[in-house]
Amino acid sequence: MPIIKCTIDRRSIDKWTKHQRELAKKIILLDPSGLRLAINARSSSWNFNYRKRGVDYNGKRHPQRTIRIGDSVNMSPQQAKLRVEELKADVRDGGDPATIMQKNFEAERRKEFQQRPLSVWLENYRSQVLGNTSRYQREEYSHARSALLELGLTNTPPLQLNARVLRELAVIHSDRPATGRHRFGSLSRFLDFLVDEDVLDRNPAKDISRRHKPKTPTPRETFYSLEQLRSLWSPPEQLRPDYLRFLRFLIICPLRMTEASELTGKNISQKDAELHLSSNETKNKEAFTLPLPLIALELINKTPTATDTRCFQLSSIEGAAMRSWSFFNKAVRRASGIEHFNLHHLRRTFATLMSEHSDFDESLIDSILNHKRSATRPGVIRSYQHAKNIEKRRKIMDWWEAFLLREVIESSRNTGAE
């Protein structure tokens, strides 16, 4: 890399630019003022090398640093030399121009970040944090996006957010507190992401008092009686065979509907009569094992399932995930005559009937539902108790199978409904 000492002006720039094309090598012109011009094949840039005055903590001179001033197209030699003299003055005064320029660049970059609309940041949040592989991730994104739309904030820069604006969510959803809570929680987690990205200094959602946050909805209390379970197991009106098979499976195995609908052959251990979900397949991000009663295995094996295909193909589009849960629930309501049927109520039914009719410990019954440990286990238990209790769970599922056979399934057969 040739270094040519010369007085840099337009004539010398043109001359050595031609030489650079002939040599096909980078050429550096060094002016007596200390100004440098690096000439490359496609561009040329002004640079200045300097050392900060004084010594470092080891008593050695500071390393040489290089500042890029500009390019020869937009800055003339005279302007570049004037800039070099300004930089020399800064160095003589004990300054460090490169550090100052870096800080200015970072400040400009942060300012540009902070001016990006919230809709852009939400897409970054979706790609970097949420992903799009599960229903729960899609719902988290959907609630945050809906919250921004309802508050009219999609094109607003993050810095314009404040607690007073976010308080409107509680007003908007005063008649739907559960929706308001979902919206507020998703939006707050999105704002935590902006704090992590150094876009916001503080999450404004955390400055809202409890009085102005969306209220906690009244806990749902719906569960099904034995008579209603019989109607669900053998509906009075005809129900699609694939829907009926899935419905019966969820009566037996109290999984979340999405977890059950996404089951494939790889989740089922026929040898051990167990169902296995990885931490990526559950809502609470904890791996889960559920012993399967014989009648549950029979429902799965009614349609032979390959390792990578769904045990329950509920969508009319082959290979597609189930999305039409409202349509499913309406179909069950028409067939069973149960007006307010919802698949999630089956989990509450399992826990309620088990507690009423069996002597099993409630914490073991709750473990079948795969709730988050921190929410269902108090004190030090949640920190130190990590046993899977597979055999105890197996006893619970065996009891539940016998109970259903006696109280629900056999009763349905005796009445001729089956």
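Everything in this summary refers to the structure shown in the same document. (Residues numbered from 1 in each chain as written. Predicted model: local features only at pLDDT ≥ 70, side-chain atom pairs only at ≥ 80, totals over all residues. Heavy atoms only, no water.)

Examining the side chain of Gln313
Logical step 1: In this structure, Gln313 sits in the loop between helix H12 (294–301) and helix H13 (325–336).
Logical step 2: At 3.2 Å, the side chain of Gln313 and the backbone oxygen of Ser315 are in polar contact.
Logical step 3: Here the side chain of Gln313 touches Ala320 through a polar contact of 3.0 Å, landing on its backbone oxygen.
Logical step 4: When near neighbours in sequence (up to four residues on either side) are disregarded, Gln313 contacts Asp242, Glu318, Gly319 and Ala320. (Helix = DSSP H or I, 4+ residues; strand = E, 2+ residues; numbered from the N terminus. Polar contact = N/O pair within 3.5 Å; in protein donor to acceptor, adjacent residues only side chain to side chain. Contact = heavy atoms within 4.5 Å.)

Side note on the packing of helix H9 (residues 226–233) against helix H10 (residues 241–252)
Logical step 1: Put simply, H9 and H10 touch, their axes get as near as 9 Å, and they point 145 degrees apart. Along its contact with H9, which presents Leu229, Leu232 and Trp233, the element H10 presents Leu244, Leu247, Arg248, Ile251 and Ile252.
Logical step 2: Of the residues assigned to the contact of H9 with H10, the class counts are seven nonpolar, no polar and one charged. (Axes fitted to C-alpha atoms, helices over the stretch in contact; angles between N-to-C directions. Nonpolar A, V, L, I, M, F, W, Y, C, P; charged D, E, K, R; others polar.)

Section: the pairing of strand E8 (residues 288–291)
Logical step 1: In E8, alternate side chains face the same way, and those of Phe288 and Leu290 on one face and Thr289 and Pro291 on the other are all buried.
Logical step 2: The pairing of strand E7 (residues 274–277) with E8 spans four bridges and is classified as antiparallel. Note on E8: the bridge partner recorded for Leu277 is Phe288. (Buried < 20%, exposed > 50% of the residue type's maximum accessible area, 1.4 Å probe, protein only. Pairing = 2+ DSSP bridges.)

Focus: the sheet that holds E8
Logical step 1: Across the sheet, three strands lie side by side as E6-E7-E8; this open sheet has antiparallel pairing. Every interior strand has two partners, whereas the edge strands, strand E6 (268–269) and E8, have only one.

Regarding the packing of aromatic side chains
Logical step 1: In total, this model carries 15 aromatic pairs according to the counting rule given.
Logical step 2: A centroid spacing of 5.9 Å and a plane angle of 35 degrees characterise the contact between Phe246 and Trp325, whose relative ring orientation is tilted. Here Phe246, found in helix H10, pairs with Trp325, found in helix H13; they are 79 residues apart in sequence, far enough to count as distant.
Logical step 3: Overall, Phe246 belongs to the buried group, its relative accessible area being 0%.
Logical step 4: Consider the rings of Trp325 and Phe328, whose centres lie 6.0 Å apart with planes at 65 degrees: the pair is edge-to-face. (Phe/Tyr/Trp six-rings, centres within 6.5 Å; stacked < 30°, edge-to-face > 60°.)

Looking at the sheet that holds strand E5 (residues 64–71)
Logical step 1: Strand order in this open sheet of five strands is E1-E2-E3-E4-E5, and the pairing throughout is mixed. Whereas interior strands pair on both sides, the edge strands pair on one side only; in this sheet they are strand E1 (3–5) and E5. Neighbour to neighbour, the strand axes of the sheet diverge by 30 degrees on average, direction disregarded.
Logical step 2: Of the strand pairs in this sheet, strand E3 (residues 35–39) and strand E4 (residues 44–51) are connected by five bridges, and their pairing is antiparallel. In the sheet register, Arg36 faces E4, and the bridge partner there is Asn47.
Logical step 3: Seen against the sheet, helix H1 (residues 10–23) touches E1, strand E2 (27–30), E3 and E4 and runs at an angle of roughly 155 degrees to E2.
Logical step 4: Its contacts with the sheet place helix H3 (residues 97–115) against E4 and E5, and it is angled at close to 55 degrees to E5.

Here we look at H13
Logical step 1: Between its terminal C-alpha atoms H13 stretches 16 Å, which fits the 16 Å expected from twelve residues at 1.5 Å a residue.
Logical step 2: Residues of H13 that are buried include every one of Trp325, Phe328, Asn329, Ala331, Val332, Ala335 and Ser336, and no others. Looking straight down H13, one finds that the buried residues subtend no more than 160 degrees of arc, so they occupy a single side. Those residues of H13 that are exposed and aimed more than 90 degrees away from the buried face are Ser326 and Arg334.
Logical step 3: Tucked inside the fold, the buried residues of H13 contact H9, H10 and helix H11 (257–261).
Logical step 4: Positive phi shows up at Gly337, right after H13, with a value of about 80 degrees. (Expected span 1.5 Å × (residues − 1). Arc of directions from axis to C-beta.)

Shape is all these values report; function is a separate question.
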